Amino acid sequence: MTTEAFEPGEGEIKGNFIYQEIDRDLAAGKNGNKVLTRFPPEPNGYLHIGHAKSICINFGIADHYKAACNLRFDDTNPVKEEVEYIESIREDVTWLGFTWDGEVKYASDYFDQLYEWAVKLIKNGKAYVCDLTPDEIAAQKGTPTTPGKDSPYRTRSVEENLNLFERMRKGEFKEGERILRAKIDMSSPNMHMRDPIMYRILHKHHYRTGDKWCIYPMYDYTHGQSDFIEGITHSICTLEFEVHRPLYNWFLDQILDGEPVPVVKPRQIEFARLNLNYTVMSKRKLLELVQKGIVSGWDDPRIPTISGLRRRGYTPESIHQFAEKVGVARRDNIIDVALLEFCIREDLNKRAVRVNAVLDPVKLIITNYPQDKVEMLDSVNNPEDESMGVRTIPFSSEIYIERDDFMEQPPKNYFRLGPGLEVRLKSAYIIKCDDFKKDDSGKITEVYCTYDPETRSGMPQSHRKVKGTLHWVSAKHCINGEVRLYDRLFMDEEPDGHEDKDFKEFINPGSLKILTNCKLEPGLADVKPLDKFQFQRLGYFCVDADSGPGRLVFNKTVGLKDSWAKIVRK
RNA sequence: UGUUCCGUGGUGUAAUGGUAGCACAGAUGGUUUUGGUCCAUCUAGUCAGGGUUCAAAUCCUUGCGGAACAACCA
């Protein structure tokens, strides 16, 4: 990635309003004709599909303007942040196919500079140490509709503030005893301008700065300055930060007071965050699901974390497509998860190898096929892409078919097998059902058929029309495997603002089905984790990373239409 | 009864004063050795009123509706 200046006219046309704003800034000659964005997660959880949208926007802008994008960890709260999250976030961004500019950045690297600037604000009479308790501060802050009241400590002298702030840093006070506040306007209609907190005392070990600090800067005092330090031109964030923008600009103005006008002054632009219907997206709730053991971890295929989607079989390309299709705007939105599924089906349809697997097997015996004969038959790997070639699969007199694919008394528009009916076996012969056997409970145990030797795939007679095509595996050659059907975890209702219901009434619990008696095509013994397949008529699957020796585990990833994975409204 | 932001088919998103388009979802038909894919057709929209203009989704205005903001979180 380069940081050379953008030359207008390059790159494809992007229509969303952020591009228009950037174009406008470029046209006005701002920022020395440069563009630099950043993706700034707090390392307090794993990334999810909502972050993926933000990542695609920020890195997408960098690509478009032949510019760069930083990865910066917004790690100003040692209470919630962990190294594990840093690593997962780096991995997810990389997996999505993006490269950040230079080294990873950390807001905690700027703590010294931030402290110096805080001293500057105090000296300029723009910040003061306040001794009020949290409750007192809340009380004097007012409400959105009523003004607040000045703190009695607002008029402390510069010397006293300097002295107290220094002693805060040295650790002379307990947590909550004192804070540093900006001196702005307690009657501002914008709550964030009512003397916001800049620093709080936290006697906590920080995963990067260790015990060097016992005062930590707040988000508002950190973000804009971090952007400024890095030379970020456009600081793109979600809509809930919109009311913070005046404060973002105010802090920048204060630290720049008395300084020459900088070439790059960052500008915050907000867009509407991604919402998916029926989908649990809040970090807090996902954390709770993980901690309560409702899911197996942050990468459980049932939740919409990037690592969960990866295990579920999503490709980076499909997520890019999704981000492209949902667009970028400033109005609240609830995207239909069907769009996300469309994106992965569209992608997998082009790249997934078609294979046979029987999830719930019933034995089918071809009575007129020689008992010890084995034929190797060609089967195309992907009808959408000839270059993916063919593979050979064994065929013999005893095979397994899907239990669902035989009905004793089929209804009118049933495409599959029943007494007296003919179907094609995929890549093999047309067969006709003559008889079947049931056990005492009425369960079908065996199906008897005769095959038509003239109808093998590729033979002249093979194009005879029959109603349906079945997938199958040779009983003698198939391997036994386990298939896990992960259905997305989903909420009963669409997301409704900040509704905070209990999980028990909120989440569909029964979303993992384990099938242990699956019969798989022999070649599947050699597959690798995260390989993707489409099983004939059953849907797309992703091989689970949990596969161990002697066992194959598949995640069902995305169902075909009307298949199990479909979400049904209650 | 504060400030700010936002209202285009069921869901998203284009049209930046000049033919309301695209995608998903839904419906119908066709092709198909996957009930997949693919192809075709259909359904359905500018929150409301007023104003400016030859011309308004777009500009102005008044309503109405939705969202954000009162963490020593980000």
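The structure displayed is predicted, hence computed values, not measured ones.

A.B. asks: Even after reading the chapter, I still don't get the sheet that holds strand β19 (residues 469-470), so can you show me in this structure?
C.D. replies: Either a parallel or an antiparallel arrangement is found when strands of a sheet pair, and the pairing is made through backbone hydrogen bonds. Spatial ordering of the open sheet is given by β19-β16-β17-β18-β12-β15-β20, a layout of 7 strands whose pairing is mixed. At either margin of the open sheet sits one strand with a lone partner, and together these are β19 and β20 (472-474). Alignment of strand β12 (residues 361-366) against strand β18 (residues 444-452), held across 4 bridges, turns out to be parallel. Its bridge partner lying in β18, Ile-366 is registered against Cys-449.

A.B. asks: Looking at this structure, I do not really get the protein's contact with RNA strand B. What am I missing?
C.D. replies: In the region of RNA strand B, 66 residues are neighbours, and Gln-20, Arg-354, Ser-457, Gln-534 and Arg-537 sit closest. When atoms of RNA strand B within 4 Å of the protein are sorted by moiety, sugar and phosphate together comprise 59%. A distance of 2.5 Å separates a phosphate oxygen of RNA strand B from a polar side-chain atom of Thr-76. In this structure, Arg-416 approaches RNA strand B through a side-chain N or O atom, which is 3.0 Å from a base oxygen. Listing elements by their share of the surface near RNA strand B, those giving two or more residues are β6 (197-201), α11 (316-326) and α12 (337-351). At 5 residues, the largest contribution of residues to the surface near RNA strand B is made by α12. Its residues assigned to classes, the surface near RNA strand B comprises 24 nonpolar, 22 polar and 20 charged.

A.B. asks: Help me understand the pairing of strand β23 (residues 532-535), please; the structure alone is not making it clear to me.
C.D. replies: Here is the key point about a regular strand: its side chains alternate between the two faces of the sheet. Where burial is concerned, the two faces of β23 agree: the one with Lys-532 and Gln-534 and the one with Phe-533 and Phe-535 are both buried. Judged from the 3 bridges that link them, strand β10 (residues 353-355) and β23 form a sheet pairing that is parallel. Looking at the pairing, Arg-354 lines up with Gln-534 of β23. Relative to strand β24 (residues 539-543), β23 runs antiparallel, the two sharing 4 bridges. Along β24, the bridge assignment pairs Lys-532 with Cys-542. What sits between the antiparallel neighbours β23 and β24 is a turn of 3 residues, in which Arg-537 has the positive phi angle 60°.

A.B. asks: What am I meant to see in the side chain of Ser-54 here?
C.D. replies: Mapped onto the elements, Ser-54 comes out in helix α2 (residues 49-64). Under the relative-accessibility criterion, Ser-54 is labelled buried at 12%. Residues within four places of Ser-54 in sequence aside, it is in contact with Phe-39 and Phe-271.

A.B. asks: Got a minute to help me understand empty space enclosed by the protein in this structure?
C.D. replies: Any empty space left between atoms is shown by rolling a water-sized probe over those atoms. Using the criterion set out here, one finds 3 cavities of 30 Å³ or more in the structure. What the largest cavity holds in volume is close to 60 Å³. In terms of lining, the largest cavity is formed by Thr-279, Pro-301, Arg-302, Ile-303, Pro-304, Leu-309, Arg-312, Leu-340, Arg-488 and Leu-489. In the lining of the largest cavity, the residues fall into 6 nonpolar, 1 polar and 3 charged.

A.B. asks: Help me understand the side chain of Arg-354 in this model?
C.D. replies: For Arg-354, the location among the structural elements is in strand β10. In this structure, Arg-354 is buried with no salt-bridge partner, the nearest side chain bearing the opposite charge being Glu-384 at 4.3 Å. There is a polar contact of 2.8 Å between the side chain of Arg-354 and the backbone oxygen of Ala-352. Apart from residues lying up to four places away in sequence, Arg-354 is in contact with Leu-348, Asn-349, Val-380, Asn-381, Asn-382, Pro-383, Glu-384, Arg-391, Gln-534 and Gln-536.

A.B. asks: I'm lost on the sheet that holds strand β1 (residues 36-39) in this one. Help?
C.D. replies: As summarised here, the arrangement of the 3 strands in space is β1-β2-β3, forming an open sheet in which the pairing is parallel. The outermost strands of the open sheet, each flanked by one partner alone, are β1 and β3 (105-106). Where β1 and strand β2 (residues 68-73) come together, 4 bridges link them in parallel fashion. Within β2, the residue paired with Phe-39 across the bridge is Leu-71. Helix-sheet contacts for α2 involve β1 and β2, and the interaxial angle to β1 is about 160°.

A.B. asks: Got a minute to help me understand the pattern of salt bridges in this structure?
C.D. replies: One pass over the structure, following the stated rule, counts 47 salt bridges. For the salt bridge of Glu-270 with Arg-330, the shortest nitrogen-to-oxygen distance reads 3.1 Å. Of this pair, Glu-270 sits in strand β9 (residues 267-271) while Arg-330 is found in the loop between α11 and α12, placing the two residues 60 residues apart along the sequence. A salt bridge links Arg-351 to Asp-347; its shortest N-O distance comes to 3.2 Å.

Rules used throughout
- Residues numbered from 1 in each chain as written.
- Chains lettered and ligands numbered in written order.
- Predicted model: local features only at pLDDT ≥ 70, side-chain atom pairs only at ≥ 80, totals over all residues.
- Heavy atoms only, no water.
- Pairing = 2+ DSSP bridges.
- Helix = DSSP H or I, 4+ residues; strand = E, 2+ residues; numbered from the N terminus.
- Near = heavy atom within 4 Å.
- Polar contact = N/O pair within 3.5 Å; in protein donor to acceptor, adjacent residues only side chain to side chain.
- Nonpolar A, V, L, I, M, F, W, Y, C, P; charged D, E, K, R; others polar.
- Buried < 20%, exposed > 50% of the residue type's maximum accessible area, 1.4 Å probe, protein only.
- Contact = heavy atoms within 4.5 Å.
- 1 Å grid on protein atoms, 1.4 Å probe; cavity = no way out; pocket = protein on both sides within 12 Å on 5 of 7 lines; lining within 4 Å.
- Points joined across faces, edges and corners; volume = space filled by probe spheres on them.
- Lys, Arg positive; Asp, Glu negative; His and termini not counted.
- Salt bridge = Lys/Arg side-chain N within 4 Å of Asp/Glu carboxyl O.
- Axes fitted to C-alpha atoms, helices over the stretch in contact; angles between N-to-C directions.

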